[in-house]
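Listed here are the chains, written in short residue letters.
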Amino acid sequence: MGVVIIDGSTVRDFVNDEAVFNKSLDDSFDSLDINNDGVLSRSELRKAFESLRLIEAHFGMDVATPPEELTKIYNSIFDGFDLDGSGTVDKEEFKGEMKKILLAIADGLGSSPIQMALEDDEQSFLKQAADLEASKLQKPPPSAA
Ligand SMILES: [Ca+2]
């Protein structure tokens, strides 16, 4: 468990860093694809979202949300990912929609930093975004070189 401070630019920089973003999304897709069939099923995707609390907040979920309401929300999230209506989410669909969601979250955060307690696992895009920012801060700015 770690605490990170993020704002809109933290998330946006992560999404816009193509190499980092693609690798991160590839890795998470592979670990979410529990049965290794190359696509995410409804339940595989739901597991992913259950571990991403800021995304839950983005979609208006909280602890008081009744289970049937949650299922409705998860179904609509899934339908947003499953662009071709195949009933599964492939890697390109996953990346494209995650990018949209993360950018929407970035817009929502704007320039007001929030503090988040995050699990220390590789699934958290927001932690990776914060780590990326931290790694940049450790380097001297170009003007000082
Ligand atoms: Ca699968």
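Going along each chain's sequence as written, the residues are numbered from 1 onward. A pLDDT threshold of at least 70 governs which residues receive local features in this predicted model, and a stricter bar of 80 or more applies before side-chain atom pairs are shown or counted, although totals over entire chains, interfaces and linings include all residues.

Looking at an unreviewed UniProt entry, one finds the protein chain named Putative calcium ion binding protein and attributed to Tripterygium wilfordii.

A.B. asks: How do you make sense of the overall build of the protein chain when you look at a structure like this?
C.D. replies: Note on conventions: DSSP H or I runs of at least 4 residues are helices, E runs of at least 2 residues are strands, and numbering of each starts at the N terminus. Counting its secondary structure elements, the protein chain contains seven helices and two strands. Taken from N to C terminus, the helices and strands of the protein chain fall in the order β-α-α-α-α-α-α-β-α. Every C-beta atom is placed from the backbone, and the number of other C-beta atoms within 10 Å of a residue's own sets its class: buried at 20 or more, exposed at 12 or fewer, partly exposed in between. Out of the 145 residues in the protein chain, the part that is buried amounts to 24%. Taking the contacts inside the protein chain whose residues are at least 6 apart along the sequence as the reference set, 74% of them involve residues at least 24 apart. Residues are scored as being in contact if the C-beta atoms we place from backbone atoms lie within 7 Å.

A.B. asks: When you look at the packing of helix H1 (residues 8–16) against helix H7 (residues 125–137) in this model, what are you seeing that I'm missing?
C.D. replies: Closest axis-to-axis distance for the H1/H7 pair is 9 Å, and the angle between their directions is 90 degrees. By the angle between their directions, the pair H1 and H7 is classed as roughly perpendicular. In this structure, H1 uses Thr10, Val11, Asp13 and Phe14 to contact H7, whose residues at the interface are Leu126, Gln128, Ala129, Ala130, Leu132 and Glu133. For helices, the fitted axis covers only the stretch in contact; all axes are lines through C-alpha atoms, and the angles between them, taken along N-to-C directions, range from 0 to 180 degrees. In these notes the angle categories are as follows: under 35 degrees is roughly parallel, over 145 is roughly antiparallel, 65 to 115 is roughly perpendicular, and the rest is oblique.

A.B. asks: Teacher, can you tell me more about the packing of H1 against helix H6 (residues 91–109) here?
C.D. replies: The N-to-C vectors of H1 and H6 enclose an angle of 155 degrees; their axes lie 7 Å apart at closest approach. Here H1 is positioned roughly antiparallel relative to H6, judged by the angle of their axes. The handedness of the crossing between H1 and H6 is left-handed. On the side of H1, the interface is formed by Gly8, Val11, Arg12 and Val15, while H6 contributes Lys99, Leu102, Leu103, Ile105, Ala106, Asp107 and Leu109. Looking at side-chain class alone, the contact of H1 with H6 contains seven nonpolar, one polar and three charged residues. Two helices cross in a left-handed way if the nearer one is turned anticlockwise from the farther one by less than a right angle. They cross in a right-handed way if the turn is clockwise. In this count, Pro and Cys sit with the nonpolar residues alongside Ala, Val, Leu, Ile, Met, Phe, Trp and Tyr, while Asp, Glu, Lys and Arg are called charged and the others, Gly among them, polar.

A.B. asks: Just checking my understanding: could you explain helix H2 (residues 18–32) for this structure?
C.D. replies: Three- or four-residue spacings in an α-helix give side chains the same orientation, since the helix completes a turn every 3.6 residues. Taking 1.5 Å of rise per residue, the 15 residues of H2 would be expected to cover 21 Å, and the 21 Å separating its terminal C-alpha atoms lies within 8% of that figure. Buried residues of H2: Phe21, Ser24, Leu25, Ser28 and Phe29, and no others. Seen from one end, H2 has its buried residues packed into an arc of 130 degrees, which puts them on one side. Facing away from the buried side of H2, by more than 90 degrees, are the exposed residues Ala19, Asn22, Lys23, Asp30 and Ser31. Helix span, expected: 1.5 Å multiplied by one less than the number of residues in the helix. In this description, the arc belongs to the directions extending from the helix axis to the C-beta atoms.

A.B. asks: I would appreciate a short explanation of the UniProt feature "domain: EF-hand" (unreviewed entry) in the protein chain in the present structure.
C.D. replies: UniProt positions are given in the numbering used here, feature names are shortened, and annotations may be inferred rather than shown by experiment. Here the UniProt feature "domain: EF-hand" (unreviewed entry) sits at residues 20–55 and 69–104. With 75% helix and 0% strand, the stretch residues 69–104 has end C-alpha atoms that lie 22 Å from each other.

A.B. asks: Looking at this structure, I do not really get the nonpolar core. What am I missing?
C.D. replies: Within soluble globular proteins, side chains that are nonpolar generally end up buried alongside one another. Within the largest apolar cluster, 25 residues are counted, with the highest numbers of intra-cluster contacts made by Val11, Phe94, Leu102 and Ala129. Elements represented by at least two residues in this core include exactly strand E1 (2–6), H1, H2, helix H3 (42–50), helix H5 (67–81), H6 and H7. In terms of residue count, the dominant contributor to this core is H6 (six residues). Setting aside residues up to four positions removed in sequence, Val11 forms contacts with Ile6, Leu102, Ile105, Ala106, Leu109, Leu126 and Ala129. Structurally, a nonpolar core is described as a collection of buried Ala, Val, Leu, Ile, Met, Phe, Trp, Tyr and Cys residues joined by way of C-beta atoms within 7 Å.

A.B. asks: Before we go on, may I ask you to explain the environment of Asn16 in this structure?
C.D. replies: Mapped onto the secondary structure, Asn16 falls in helix H1. Given 13 C-beta atoms within a 10 Å radius, Asn16 is considered partly exposed. Asn16 sits 87 residues away from Leu103 along the chain, and the two C-alpha atoms are 9.5 Å apart.

A.B. asks: Got a minute to help me understand the confidence of the model for the protein chain in this structure?
C.D. replies: Where the model shows low pLDDT, its predicted coordinates should not be examined in detail. pLDDT: the predictor's confidence for each residue, scored from 0 to 100. Within the protein chain, residue pLDDT values average 83, and 80% of them lie at 70 or more. For the protein chain, helix H4 (residues 53–58) is the element with the lowest average pLDDT, namely 60, and H1 is the one with the highest, namely 94.

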